[in-house]
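Commentary on secondary and tertiary structure
Each chain, letter by letter, is given below.
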Amino acid sequence: MTTVQAKPETFDSLNPATGEVVGSHPIHRAEDVQAAVERARSAAEWWAELGFAGRAERLQRWKGAVTRRAAQLADVVHVETGKPHADAMLEIILAIDHTAWAAKNAPKVLGPSRRSSGLLMANQAATVEYQPLGVVGVIGPWNYPVFTPMGSIAYALAAGNAVVYKPSEYTPGVGRWLVDSFAEAVPEHPVFQLITGFGDTGAALCRAGVDKIAFTGSAGTGKKIMAACAETLTPVLIEAGGKDALLVDADADLDGAAEAAVWGGISNAGQTCVAIERVYVHENVYDEFVAKVVAITRGVRPGFDDEANIGPITMPSQLDVIRRHITDALARGGRAVVGGADSVGERYVQPTVLVDVPEDAEAVREETFGPTLTIAKVRDMDEAVEKANDSKYGLGGSVFSRARGMELARRLRAGMVSINSVISFTGVPSLPFGGVGDSGFGRIHGPEGLREFGRAKAITRQRFRAPLTLTTFARTKKVDAQVAKLITLLHGKRR
Ligand code: NAD
């Protein structure tokens, strides 16, 4: 008797600009996820044994293939997210650069390094190295479906792990493309696998016995993921949302600041975790700055055609959030200097700039994730810092100031800050990326991002038998007294 396998249930991925179905993908159940993790387990052994050089060669091969077919990948991003093709290219370019950095720098960052063994253990040679964790589960969002998950995927692979990836249900086709292109470059073992579906599939990945979950998405889902991972003490990295502020000082380059505020807030239709959502401007330059922002914003046009500056809202439920934030801000005395209550359409949101919005309004406190900005006037930069920091989020930020940029950047409660530009930190592969508070914890990118996917292994090697051996029952009272004397000499001095 032959058993007929039930066809897996599927879901459709839609073009948010037209509603057209652009792909159909399986809804993987817990047992499918478990099977993928088991396959990954043996692939991980092979991948780890390749060593840094073997992995780097394969990652470079993959990077080359992605680069040569970037326009094709950008097409998939364009139809699944609705973002302009050129913006899709931009995130792919950044992801390629990060992959190259991770592959090249993994040996230096994670390979064996000597540590000083100290006076008490002077007879020991001390080394540390970062060994692969094993299998890493990556759960990704839809807003930058290449760049964002690749911040975990490329770094986890470079560190020697296999990856099981669950993309957002809005961008499964982009996930499929990435995994298929990797399998062409590295056909030997399923080192990088895809599972698709909704939240339940992601939750199953948390419970499937992976060695770490790297999550990027909303803070609310991040909390659910931590709770699921707590059941098995699976470590997590959480890259969640933000409510980033841009500060404009009295001496700032106002043209640069206005351009940065509009691009930082409205590009990708505001659907950027490190989007500028709030602007605090010194009172001396406030009117001039607002006028510049208004002029630039009026030229930004949503659409799906080649000339459009921003696309539709990818996730339809977000339209209600954006509408609520705008209407609430206006009801509480805010004014729209561009756009307004009727900015939110069925698929698109017209760029909207709000002023005089009370600090306790949702538009100032909650992540809007739409093409909107609030601009507030401040007495001085101390007030700007205080207001910027009065948020449960703390992801990125930006400061425009000629004299005080570094000082203000340091004082912002955020993981990353750009001075006199916006979002630039994402383009520097050697810099860590991550937040504080409800924006999450842990870091992707840079050496810190590589170390997230390695386990520190400490090794001591005895070079000769020490005159004062401490780890023996043969230790004498004389040795104890000598050690006590030594430690007093070293650390007991009154200052
Ligand atoms: P989301 O939290 O709705 O979903 C993210 C992923 O989690 C999806 O793949 C989803 O299927 C999965 N998921 C949902 N419920 C789950 C559960 N219970 N268990 C496991 N997985 C589950 O987020 P989104 O709408 O896709 O993305 C937008 C959010 O992501 C915004 O808040 C944005 O700021 C944030 N984001 C953060 C960064 C960063 O690096 N900090 C980058 C991009 C986006």
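Since this is a predicted model, take the numbers as computed values, not measurements. (Residues numbered from 1 in each chain as written. Predicted model: local features only at pLDDT ≥ 70, side-chain atom pairs only at ≥ 80, totals over all residues. Heavy atoms only, no water.)

1. Brief notes about the sheet that holds strand 9 (residues 236-239)
Here we have six strands laid out as an open sheet, ordered 7-6-5-8-9-19, and mixed in their pairing. Looking along the sheet, the strands with just one partner apiece sit at the ends: strand 7 (192-194) and strand 19 (440-441). For strand 9 and strand 19, the ladder comprises two bridges, and the chain directions are antiparallel. In the sheet register, glutamate 239 faces strand 19, and the bridge partner there is glycine 440. In this fold helix 1 (residues 30-49) packs onto strand 5 (135-139), strand 6 (162-166) and strand 7, with an angle of close to 145° to the strand it touches most, strand 6. (Pairing = 2+ DSSP bridges. Helix = DSSP H or I, 4+ residues; strand = E, 2+ residues; numbered from the N terminus. Contact = heavy atoms within 4.5 Å. Axes fitted to C-alpha atoms, helices over the stretch in contact; angles between N-to-C directions.)

2. Here's the deal with the site of the ligand
Close to the ligand lie 30 residues, the nearest being Glu169, Ser218, Thr221, Ala240 and Glu367. Between the ligand and threonine 221, the relevant distance is 2.7 Å, taken from an oxygen atom to a side-chain nitrogen or oxygen of the residue. Measuring from a nitrogen atom of the ligand, one finds a backbone N or O atom of alanine 240 at 2.8 Å. Mapped onto the shell around the ligand, the elements with two or more residues apiece are helix 7 (199-206), strand 8 (212-216) and helix 8 (219-230). Per-class residue counts for the shell around the ligand are 14 nonpolar, eleven polar and five charged. When residues of the shell around the ligand are sorted by domain, at least three fall in each of domain 1 (10-239) and domain 2 (244-429). (Near = heavy atom within 4 Å. Polar contact = N/O pair within 3.5 Å; in protein donor to acceptor, adjacent residues only side chain to side chain. Nonpolar A, V, L, I, M, F, W, Y, C, P; charged D, E, K, R; others polar. Domains from an automatic or database assignment.)

3. So, the sheet that holds strand 11 (residues 276-282)
Strand-to-strand pairing in sheets goes through backbone hydrogen bonds, with the strands running parallel or antiparallel. Here seven strands make up an open sheet; going across it, the order is 12-13-14-11-10-16-17 and the pairing mixed. Only two strands of the sheet have a single neighbouring strand rather than two, namely strand 12 (335-338) and strand 17 (418-419). Relative to strand 14 (residues 372-378), strand 11 runs parallel, the two sharing five bridges. Within the sheet, the bridge partner assigned to arginine 278 lies in strand 14 and is threonine 374.

4. What to know about the nonpolar core
Grouped together as the largest cluster of nonpolar side chains are 97 residues, with contacts concentrated most on Trp62, Val248, Val279, Phe289 and Ile375. No other element matches helix 4 (residues 85-110), which puts ten residues into this core. Counting only domains with at least three residues in this core, you end up with domain 1 (10-239) and domain 2 (244-429). Leave out the neighbours within four places in its chain, and valine 248 touches Leu254, Ala257, Val279, Tyr280, Val281, His282, Val285, Phe289, Met381 and Phe400. By size, the runner-up hydrophobic cluster in this structure holds 25 residues, among which are Val33, Ala40, Ala162 and Tyr393. (Core = buried A, V, L, I, M, F, W, Y, C linked by side-chain atoms within 4.5 Å. Buried < 20%, exposed > 50% of the residue type's maximum accessible area, 1.4 Å probe, protein only.)

5. Brief notes about unusual backbone geometry
With a phi angle near 60°, phenylalanine 369 is a residue other than glycine that sits in the positive phi range. Take phenylalanine 369: it is sitting in the loop between helix 12 (362-365) and strand 14. Even without a glycine there, the phi angle at asparagine 420 is positive, about 60°. Of note, asparagine 420 is situated in the loop between strand 17 and strand 18 (436-437). A relative accessible area of 41% means that asparagine 420 is categorised as partly exposed.

6. Describing the packing of aromatic side chains
Under the defined criterion, the tally for this structure stands at eleven aromatic pairs. Between tryptophan 47 and phenylalanine 182, the ring centres sit 6.0 Å apart and the planes meet at 70°, which makes this aromatic pair edge-to-face. A residue pair is termed long-range when its members are at least 10 positions apart, and tryptophan 47 in helix 1 and phenylalanine 182 in helix 6 (residues 172-185) qualify at 135 residues. When sorted by exposure, tryptophan 47 lands in the same class as phenylalanine 182, which is buried. Judged by centre distance (5.7 Å) and plane angle (80°), the rings of tryptophan 142 and phenylalanine 369 are edge-to-face. Of the two residues, tryptophan 142 sits in the loop between strand 5 and helix 5 (147-158) while phenylalanine 369 sits in the loop between helix 12 and strand 14, which places them 227 residues apart along the sequence. In this pair, the class of tryptophan 142 matches that of phenylalanine 369, namely buried. Taken together, the ring pairs connect Trp46, Trp47, Trp62, Tyr165, Phe182 and Phe192 into an aromatic cluster. The side chain of arginine 55 reaches across the aromatic face of phenylalanine 52, ending 5.0 Å from its centre. (Phe/Tyr/Trp six-rings, centres within 6.5 Å; stacked < 30°, edge-to-face > 60°. Lys NZ or Arg CZ within 6 Å of the ring centre and 35° of its normal.)

7. Looking at helix 2 (residues 51-68)
Counted at 1.5 Å a residue, the expected span for helix 2 with its 18 residues is 26 Å, and the 26 Å between its end C-alpha atoms agrees. Looking at the packing, one finds that the buried side of helix 2 touches helix 1, helix 3 (70-81), helix 4, helix 5, helix 6 and strand 7. (Expected span 1.5 Å × (residues − 1).)

8. A closer look at the pairing of strand 8
Among the five residues of strand 8, five are classified as buried, and the element is accordingly described as predominantly covered. Side chains Lys212, Ala214 and Thr216 of strand 8 all project onto a buried face; the interleaved residues Ile213 and Phe215 project onto the opposite face, where all are buried too. Pairing geometry for strand 8 and strand 9, over four bridges, is parallel. Each bridged residue has a counterpart across the sheet, and for alanine 214 the counterpart in strand 9 is leucine 237. Between strand 8 and its parallel partner strand 9, the chain crosses via helix 8, and the hand of that crossover is right-handed. (Right-handed = clockwise from strand over helix to strand, strands pointing away.)

9. Re the side chain of threonine 99
Mapping threonine 99 onto the fold places it in helix 4. A relative accessible area of 5% means that threonine 99 is categorised as buried. A polar contact of 2.8 Å, which involves the side chain of threonine 99, links it to the backbone oxygen of alanine 95. Not counting the four nearest positions on each side in its chain, threonine 99 is found in contact with Leu59, Met150 and Ala154.

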